[in-house]
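Breakdown of the fold
One-letter residues, chain by chain:
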Amino acid sequence: MDNFIEILLDLIVNGSIEMLPNKKVPKWIRTIISLIIISMIMGIIILGIVVLKESLLGGILIIIVGVFLLIGIIIKVKNYMKYTKD
């Protein structure tokens, strides 16, 4: 079951990242995909806040990773949307 979930998430994340620069996909779909990815990363940050109550170091580590992922994906999405104007 773990392998199935891992494969499914890998397919969704990699597929959505590959669709962002594709001009054949409508811009509104690319925007929705970007928002889904950003909301998943926000979920990681919220998970870090929840873990913070149990373990200070673990929570801070998860929050830091989430923030770096969020900044990175926002920069990538911004560049994709900037260079793929329809």
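Look up: the structure comes first, before these words.
Described below are features of the structure shown in this document. This structure is a prediction, so every number in the text was calculated from the model and none was measured.

This part takes up the nonpolar core. In terms of nonpolar packing, the biggest core is built from seven residues, these being Ile-33, Ile-37, Ile-41, Ile-45, Leu-70, Ile-73 and Val-77. Secondary-structure elements contributing two or more residues to this core are α2 (27–52) and α3 (56–83). Sort the elements by how many residues they give to this core and α2 lands first, with four residues.

Right, let's talk about the environment of Ser-39 for a bit. Position of Ser-39 among the secondary structure elements: in helix α2. Judged by relative accessible area, which is 43%, Ser-39 ranks as partly exposed. A sequence separation of 31 residues divides Ser-39 from Leu-70, and the C-alpha atoms of the two residues are 9.2 Å apart. At a separation of 2.7 Å, a polar atom in the side chain of Ser-39 contacts the main-chain carbonyl oxygen of Ile-36.

Let's shift gears to α2. Over its 26 residues, α2 runs 37 Å from end to end, which matches the ideal 38 Å to within 8%, given 1.5 Å per residue. Along α2, the residues classified as buried are Arg-30, Ile-33, Ser-34, Ile-37, Ile-41, Ile-45 and Gly-48.

Each value, and the rule that gives it
- Residues numbered from 1 in each chain as written.
- Predicted model: local features only at pLDDT ≥ 70, side-chain atom pairs only at ≥ 80, totals over all residues.
- Heavy atoms only, no water.
- Core = buried A, V, L, I, M, F, W, Y, C linked by side-chain atoms within 4.5 Å.
- Buried < 20%, exposed > 50% of the residue type's maximum accessible area, 1.4 Å probe, protein only.
- Helix = DSSP H or I, 4+ residues; strand = E, 2+ residues; numbered from the N terminus.
- Polar contact = N/O pair within 3.5 Å; in protein donor to acceptor, adjacent residues only side chain to side chain.
- Expected span 1.5 Å × (residues − 1).

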